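These are the residues of each chain, in order.
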Amino acid sequence: MSSSAPSVVERVEAFISENKRAVIIGTAAAIVALGGVAYYASTSRGPRGGEPDVEKAERKKDKKKSKSKKRKGAAKDKEGPILEEIKDEDAEILNEFDFSPEDLELMSTEERTKLAAELKAKGNTAYTQRKFPIAAELYTRAIKVTPKPEPVFFSNRAACYVNMAPPQYEKVLEDCNEALRLDTSYVKALNRRATALEALDRSEEALRDYTAAAILDKFQNDAAAQSVERVLKKISSKKAEQILATREPRLPSYTFVSAYFGAFRTRPLPALPDEPTEGDRTLIMSLEALGAGEYSQALTLVNEALEQGISWDIGKAEALNLRGTFKFLMTEVHGAKEDFLSSIALHPSLTQTWVKLASVYMEQGDPKKAFESFEEAIKHNPDDPDIYYHRGQVLFIMNEFTDAAENYTKSTSLDDQFVFSHIQLAVAQYKSGDLAKSMATFRRTLKAFPQRSEPQNYYGELLLDQQRFQDAVEKFDRAIELERAKPPPYSQISSDRGPHINVLPLVNKGLALYQWKQDIGAAERCCQEALRIDPECEAAVATLAQLSLQQGKIDVAMQMFERQSELARSEPELVAALTYQYATAAQVEFTRNYPEMANQLSQMARAMA
Ligand SMILES: *[C@@H]1O[C@H](CO)[C@@H](O)[C@H](O)[C@H]1NC(C)=O
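The model shown is predicted, which means the values in this text are computed figures rather than measured ones.

Reading the values: the criteria
Residues numbered from 1 in each chain as written. Predicted model: local features only at pLDDT ≥ 70, side-chain atom pairs only at ≥ 80, totals over all residues. Heavy atoms only, no water. Helix = DSSP H or I, 4+ residues; strand = E, 2+ residues; numbered from the N terminus. Buried < 20%, exposed > 50% of the residue type's maximum accessible area, 1.4 Å probe, protein only. Contact = heavy atoms within 4.5 Å. Areas by Shrake-Rupley, 256 points an atom, 1.4 Å probe, with all protein chains shown as cover. Axes fitted to C-alpha atoms, helices over the stretch in contact; angles between N-to-C directions. Parallel < 35°, antiparallel > 145°, perpendicular 65-115°, else oblique. Core = buried A, V, L, I, M, F, W, Y, C linked by side-chain atoms within 4.5 Å. UniProt positions renumbered as here; feature names shortened; annotations may be inferred. Left-handed = near helix turned anticlockwise from the far one by under 90°. Nonpolar A, V, L, I, M, F, W, Y, C, P; charged D, E, K, R; others polar. Salt bridge = Lys/Arg side-chain N within 4 Å of Asp/Glu carboxyl O. Patch = residues over 30% accessible without salt bridge, like charges linked within 9 Å, V, L, I, M, F, W, Y side chains within 5 Å. Lys, Arg positive; Asp, Glu negative; His and termini not counted. Charge placed at Lys NZ, Arg CZ, Asp CG, Glu CD. Phe/Tyr/Trp six-rings, centres within 6.5 Å; stacked < 30°, edge-to-face > 60°. Near = heavy atom within 4 Å. Polar contact = N/O pair within 3.5 Å; in protein donor to acceptor, adjacent residues only side chain to side chain.

**Considerations on the overall build of the protein chain**
Phase 1 of the analysis: Across its full length, the protein chain holds 31 helices and zero strands.
Phase 2 of the analysis: Counting all 609 residues of the protein chain, 54% fall into the buried class.
Phase 3 of the analysis: Look at the contacts in the protein chain between residues 6 or more apart in sequence, and 64% of them connect residues 24 or more apart.
Phase 4 of the analysis: Here the protein chain has roughly 27700 Å² of accessible surface; of this, 51% comes from carbon and sulfur atoms.

**Points about the packing of helix α6 (residues 109–128) against helix α7 (residues 132–145)**
Phase 1 of the analysis: Interhelical geometry of α6 versus α7 gives an angle of 170 degrees and a closest axis separation of 8 Å. Classified by the angle between their axes, α6 and α7 sit roughly antiparallel to one another. Only Phe132, Ile134, Ala135, Leu138, Tyr139, Arg141, Ala142, Lys144 and Val145 of α7 make contact with α6, whose side of the interface consists of Arg112, Leu115, Ala116, Leu119, Lys120, Lys122, Gly123, Asn124, Ala126 and Tyr127.

**Some words on the nonpolar core**
Phase 1 of the analysis: Judged by nonpolar contacts, the single largest core of 102 residues is most densely connected at Phe261, Leu283, Leu290, Phe326 and Phe442.
Phase 2 of the analysis: Leu138, Ala179, Ile235 and Ala586 belong to the second largest nonpolar core, which has 63 residues in total.

**Looking at the UniProt feature "repeat: TPR" (unreviewed entry) in the protein chain**
Phase 1 of the analysis: On the UniProt side, "repeat: TPR" (unreviewed entry) is annotated at positions that read residues 351–384, 385–418 and 453–486 here.
Phase 2 of the analysis: Measuring from the first to the last C-alpha atom of residues 351–384 gives 8 Å, for a span that is 79% helix and 0% strand.

**Some details on the packing of helix α22 (residues 419–431) against helix α23 (residues 435–448)**
Each pair of packed helices gets described by two things: the angle between the helix axes and the distance between those axes.
Phase 1 of the analysis: Closest axis-to-axis distance for the α22/α23 pair is 7 Å, and the angle between their directions is 165 degrees. Between α22 and α23, the interaxial angle falls into the category roughly antiparallel. Where α22 crosses over α23, the two elements pack in a sense that is left-handed. Touching Val419, His422, Ile423, Leu425, Ala426, Val427, Gln429 and Tyr430 of α22 are Leu435, Lys437, Ser438, Thr441, Phe442 and Thr445, all from α23.
Phase 2 of the analysis: Taken together, the residues of the contact of α22 with α23 break down into eight nonpolar, five polar and one charged.

**Some details on the pattern of salt bridges**
Phase 1 of the analysis: Using the criterion set out here, one finds 25 salt bridges in the structure.
Phase 2 of the analysis: Among the ionic pairs, Glu178 bridges to Arg181, the shortest N-O distance being 2.5 Å. Linking Glu178 with Arg181, this pair stays in helix α9 (residues 169–182), spanning three residues, or about one helical turn.
Phase 3 of the analysis: By relative accessible area, Arg181 is classed as exposed at 58%.
Phase 4 of the analysis: For Arg193, the salt bridge identified is with Asp209, shortest N-O distance 2.6 Å. Here Asp209 lies in helix α11 (residues 203–216) and Arg193 lies in helix α10 (residues 187–199), a separation of 16 residues in the sequence. Neither residue differs from the other here; Arg193 and Asp209 are each classed as buried.

**A look at a negative patch on the surface**
Phase 1 of the analysis: Negative charge collects at one region of the surface, where Asp98, Glu102, Asp103 and Glu105 lie side by side.
Phase 2 of the analysis: Tracing the chain through its elements places Glu102 in helix α5 (residues 101–105).
Phase 3 of the analysis: For Glu102, a relative accessible area of 54% corresponds to the exposed category.

**Brief notes about the packing of aromatic side chains**
Phase 1 of the analysis: Taken as a whole and judged by the stated rule, the model has 15 aromatic pairs.
Phase 2 of the analysis: Aromatic side chains Tyr389 and Tyr408 sit 5.8 Å apart centroid to centroid with 45 degrees between the ring planes, which places their arrangement in the tilted category. Taken as a pair, Tyr389 in helix α20 (residues 385–397) and Tyr408 in helix α21 (residues 401–414) lie far apart in primary sequence, 19 residues in all.
Phase 3 of the analysis: Residue Tyr389 is classed as buried on the basis of its relative accessible area of 0%.
Phase 4 of the analysis: Residues Phe561 and Tyr580 carry aromatic rings whose centres are separated by 5.3 Å and whose planes lie at 20 degrees to one another, so their mutual orientation is stacked. Of this pair, Phe561 sits in helix α29 (residues 554–567) while Tyr580 is found in helix α30 (residues 571–593), placing the two residues 19 residues apart along the sequence.

**Looking at the site of the ligand**
Phase 1 of the analysis: Near the ligand, the surroundings consist of Phe371, Arg391, Leu395, Asp403, Glu406, Asn407 and Lys410.
Phase 2 of the analysis: Contacts to the ligand include Glu406, whose side-chain N or O atom sits 2.8 Å from a nitrogen atom.
Phase 3 of the analysis: When isolated, the ligand has an accessible area of 360 Å², and the protein chains bury 64% of it.
Phase 4 of the analysis: With four residues, the single largest contributor to the shell around the ligand is α21.
Phase 5 of the analysis: Of the residues in the shell around the ligand, the class split is two nonpolar, one polar and four charged.

Below, the structure is given as structure tokens:
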């Protein structure tokens with residue numbers, strides 16, 4: 001354990017806490033900009049034409065023959081009407097085309113081919129009349145008659161099974177398997193099999209097929225892209241739920257935790273009562289560990305202290321505040337809220353707890369309650385700069401940049417030593433379109449905090465956003481230099497601590513080099529360097545994943561997505577990482593199943609980037 005604890009503000013190494021969404025202009029945006037490379041599920045990319053020919057033809061026919069029914073291709077119609085019974089007049093068609101094996105033996109190959117085509121045509125007519133059982137039977141006969149089985153017979157019969165009531169998905173699978181055995185790039189059969197697999201809740205196989213269909217269609221088909229997206233979402237959400245249900249609650253990365261605590265000004269330790277209990281002393285040890293940045297130690301101790309019992313109200317309120325904060329960081333929002341409310345009941349003038357309670361309400365999607373909490377905090381101490389800073393963050397996230405800017409300014413007027421209220425002010429000004437003001441705020445901040453890397457880094461992000469690449473890289477370089485020059489803050493290395501270098505400027509530099517010179521190698525080296533220093537840097541992992549995808553290094557990309565899932569703190573982050581992971585996996589499977597298409601795929605990926 002170290003004895004010399006630096007001030008909390010000094011330990012704010014990167015600001016990616018609750019404010020993650022708020023503070024970053026560039027990183028996230030840039031990742032999105034370069035990302036999605038091979039992520040074809042996105043609906044907004046690529047030129048989109050009509051639907052594949054056969055579906056279109058079917059629909060045209062459909063329009064002509066039965067104007068009354070509006071339906072989408074061969075997709076199952078929810079409204080019906082679906083004819084299950086074969087009526088007498090239809091039975092005649094079947095009688096007309098009833099051939100025994102002996103009949104067939106007497107026919108020539110040409111005759112049989114012609115007959116099969118005729119049966120198929122009759123089947124198509126029955127299909128467009130929505131007489132699915134007859135259509136299916138006609139296709140069955142075509143299959144019996146034909147000297148050479150054609151994939152379309154099976155695929156069309158599968159379409160009948162999809163539309164029957166109830167749909168016969170197992171049969172759909174059988175027929176599509178057969179159709180695809182005969183023609184591996186038969187898009188309609190792939191889509192039909194996917195529909196059946198999806199209905200049978202075999203989502204991963206459905207994703208495989210929808211993906212193949214979308215790629216074979218060169219992403220020209222909106223319905224296919226939407227299907228990929230829908231199934232991906234289903235798989236990722238389900239998987240995320242499973243992971244979160246079984247995952248031990250744990251603290252996020254050191255950088256994250258220290259940034260979160262760093263967003264609150266340090267307060268003196270509470271004075272112990274005259275005759276402190278064991279629990280009282282444990283609490284003080286916990287708060288000391290917190291001050292030293294030894295977070296898991298602080299967490300263990302505060303739990304112990306509360307178990308042992310704390311003898312005075314202020315101490316107990318502090319303990320509940322701290323335990324609630326840890327719960328919040330471990331995404332146990334409900335437990336966090338309980339602790340904060342208990343803390344407030346004991347010691348309502350601890351304004352920090354109100355501010356944290358506001359975060360809980362925001363997490364629960366209740367901004368009204370969040371703002372009420374801020375008001376309560378102000379009632380207790382109108383001069384606490386933390387309140388206005390955090391209210392600014394909430395307003396920022398809600399895109400209320402003018403109010404946000406006012407609140408940051410107010411926070412700064414109460415205490416101008418917190419670098420992030422300056423930075424956030426500049427970013428809020430930028431977001432509300434006042435570039436000149438924003439740049440002025442940044443320059444002032446750079447001057448006021450010459451030894452801090454953060455103003456350089458975020459100013460760099462602003463420059464990057466404006467495509468002023470060279471200036472941006474200069475700022476990132478300066479930020480990196482300042483980070484490297486920081487003296488190690490601790491006399492000893494403890495496993496409880498993370499890296500003391502904030503690697504975000506390194507990742508940003510990589511992104512800038514990529515956007516500026518398309519220098520993927522340099523971008524990768526920056527991210528790898530960042531990960532060497534801080535293996536938990538999510539931005540570096542996410543960027544490396546996208547850069548790898550871009551180059552077709554799918555294995556590396558997959559590893560990075562898996563890592564991203566491990567690091568993901570919240571459910572949406574986890575779902576996003578899993579979505580990429582599964583989308584990529586489906587693509588890998590595609591290149592394995594369609595090796596001849598692999599090259600075309602990477603060309604398309606490049607074209608879409
Ligand atoms: C801060 O934001 C609130 C909105 O929640 C707004 O009413 C207020 O005027 C802003 N400015 C200050 C200085 O508090």
